[in-house]
Amino acid sequence: MAQRRISGSKLMMVLCVVAMCRAVPINDLIYRASQQSDKLHALSTMLTQELGSEAFPIDRVLACHTSSLQTPTDKEQALQVSESDLLSLARSLLQAWSDPLEVLSSSTNVLPYSAQSTLSKTIQKMQEHSKDLKDGLDILSSKMGPAAQTITSLPFIETNEIGQDKITKLLSCFRRDSHKIDSFLKVLRCRAANMQPQVC
């Protein structure tokens with residue numbers, strides 16, 4: 001009986017949150033998502049900078065598991081992409097990092113002891129921000145139509161052994177992709193604020 005009460009209470013809470021989100025204007029949802037993506041990118045940048053010493057070189061050209069996704073390469077190209085497609089790209093990239101972040105989280109023991117604690121705590125924060133951002137973008141996409149709800153599958157093939165080099169590459173790839181997500185959402189935020197893509 002107690003279990004049923006708890007479940008009913010949780011269901012009511014979820015329904016209330018959904019109802020509140022439906023009442024939030026799209027502009028506000030985009031603003032919140034942009035703030036969340038900014039935090040996520042800041043965390044990934046901070047981590048790669050902290051660990052990006054000689055032991056953690058950051059490659060400029062990376063073959064990441066998300067490299068097959070065709071994305072705008074600069075702001076000018078991003079301004080030519082529709083709002084729905086930009087949101088779809090952001091959601092696809094974010095979804096593609098669910099498993100790799102889990103792998104990173106469980107692989108910190110291969111690093112030098114001094115780096116383990118920093119990496120573990122920061123990856124946990126990145127996972128939390130990723131989940132929050134994903135939930136927000138899911139709500140936003142439901143308001144923007146079918147094109148925004150499309151997600152491209154970008155499978156991550158996990159190897160049995162993950163060493164320091166693999167961790168370095170994954171972190172570098174994540175920083176690159178979190179920057180793309182943040183950039184796409186900033187374009188959406190700018191468009192929502194100005195209602196004119198050319199102003200961004």
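Residues numbered from 1 in each chain as written. Predicted model: local features only at pLDDT ≥ 70, side-chain atom pairs only at ≥ 80, totals over all residues. Heavy atoms only, no water.

Trainee: Help me understand the overall build of the protein, please; the structure alone is not making it clear to me.
Mentor: Secondary structure assignment for the protein yields 8 helices and 0 strands. Counting from the amino terminus, helix and strand elements in the protein follow one another as α-α-α-α-α-α-α-α. Taking all 200 residues of the protein together, 42% fall into the buried category. Contacts spanning at least 24 positions in sequence make up 86% of the contacts within the protein whose residues lie at least 6 apart. Surface summary for the protein: the accessible area is close to 11700 Å², and the carbon and sulfur share equals 53%. (Helix = DSSP H or I, 4+ residues; strand = E, 2+ residues; numbered from the N terminus. Buried < 20%, exposed > 50% of the residue type's maximum accessible area, 1.4 Å probe, protein only. Contact = heavy atoms within 4.5 Å. Areas by Shrake-Rupley, 256 points an atom, 1.4 Å probe, with all protein chains shown as cover.)

Trainee: What should I look at first to understand the packing of helix H5 (residues 98–105) against helix H8 (residues 164–194) in this one?
Mentor: Helices that pack against each other are described as a pair by the angle of their axes relative to one another and the distance between those axes. Here H5 crosses H8 at 140°, and the two axes come no closer than 11 Å. Classified by the angle their axes make, H5 and H8 are oblique. Crossing geometry of H5 relative to H8 is assigned as left-handed. For the pair H5 and H8, contact is made by Pro100, Leu101 and Leu104 and by Ile167, Leu170, Leu171 and Phe174, respectively. Class assignment of the residues belonging to the contact of H5 with H8 gives a composition of 7 nonpolar, no polar and no charged. (Axes fitted to C-alpha atoms, helices over the stretch in contact; angles between N-to-C directions. Parallel < 35°, antiparallel > 145°, perpendicular 65-115°, else oblique. Left-handed = near helix turned anticlockwise from the far one by under 90°. Nonpolar A, V, L, I, M, F, W, Y, C, P; charged D, E, K, R; others polar.)

Trainee: Just checking my understanding: could you explain the pattern of salt bridges for this structure?
Mentor: A complete count under the given rule lists 7 salt bridges for this structure. Across the pair Asp135 and Lys131 runs a salt bridge, and its minimum N-O distance is 3.0 Å. With Asp135 and Lys131 both in helix H6 (residues 113–144) and 4 residues apart, this pair spans about one turn of that helix. You can call Asp135 partly exposed: its relative accessible area is 32%. Through salt bridges with shared partners, a single ionic network connects Asp38, Asp182 and Lys186. (Salt bridge = Lys/Arg side-chain N within 4 Å of Asp/Glu carboxyl O.)

Trainee: How should I be thinking about the packing of helix H4 (residues 83–96) against H8 in this particular structure?
Mentor: Direction vectors running N to C along H4 and H8 enclose 155°, while the axes themselves pass 9 Å from each other. One element, H4, and the other, H8, form an angle in the roughly antiparallel class. Relative to H8, H4 is oriented so that their crossing is left-handed. Touching Glu83, Leu86, Leu87, Leu89, Ala90, Leu93 and Leu94 of H4 are Asp177, Lys180, Ile181, Phe184, Leu185, Val187, Leu188 and Arg191, all from H8. Here the residues of the contact of H4 with H8 are counted per class, giving 11 nonpolar, no polar and 4 charged.

Trainee: Which parts of the structure should I look at to understand the packing of aromatic side chains?
Mentor: Each pair of aromatic rings is reported with the distance of its centres and the angle of its planes. For the structure shown, the criterion picks out 1 aromatic pair. Between Trp97 and Phe174 the ring centres are 5.1 Å apart and the planes differ by 75°, which places this aromatic pair in the edge-to-face class. Placement of the pair is Trp97 in the loop between H4 and H5 and Phe174 in helix H8, with a sequence separation of 77 residues. This pair shows no difference in class: Trp97 is buried, exactly as Phe174 is. (Phe/Tyr/Trp six-rings, centres within 6.5 Å; stacked < 30°, edge-to-face > 60°.)

Trainee: Help me understand the nonpolar core, please; the structure alone is not making it clear to me.
Mentor: Ranked by size, the top nonpolar core spans 45 residues in total, and within it Leu87, Met126, Leu133, Leu137 and Leu185 carry the most contacts. Take this core: its biggest share by element is 11 residues, from H8. Each residue touching Leu133, except ones within four places of it in the same chain, is listed here: Ala33, Gln36, Ser37, Leu40, Leu94, Ile181 and Leu185. (Core = buried A, V, L, I, M, F, W, Y, C linked by side-chain atoms within 4.5 Å.)

Trainee: Can you walk me through the state of the cysteines in this structure?
Mentor: Throughout this description, disulfide means a covalent bond between two cysteine sulfur atoms. All told, the structure shown has 1 disulfide when counted by the stated rule. Through a disulfide, Cys64 is tied to Cys173; the S-S separation comes to 2.0 Å. Note on the Cys64 and Cys173 pair: the S-S dihedral is about -90°, so by sign convention the disulfide is left-handed. Here Cys64, found in the loop between helix H2 (26–51) and helix H3 (75–78), pairs with Cys173, found in helix H8; they are 109 residues apart in sequence, far enough to count as distant. Each member of the pair Cys64 and Cys173 is classed as buried. (Disulfide = S-S within 2.5 Å.)

Trainee: So what exactly am I meant to see when it comes to the side chain of Ser130 here?
Mentor: Tracing the backbone through its elements, the reader meets Ser130 in helix H6. Taking relative accessible area as the criterion, Ser130 reaches 10% and is therefore assigned buried. In this view, Ser130 contacts Leu40, Leu94, Leu101 and Phe174; residues no more than four positions away in its chain are not counted.

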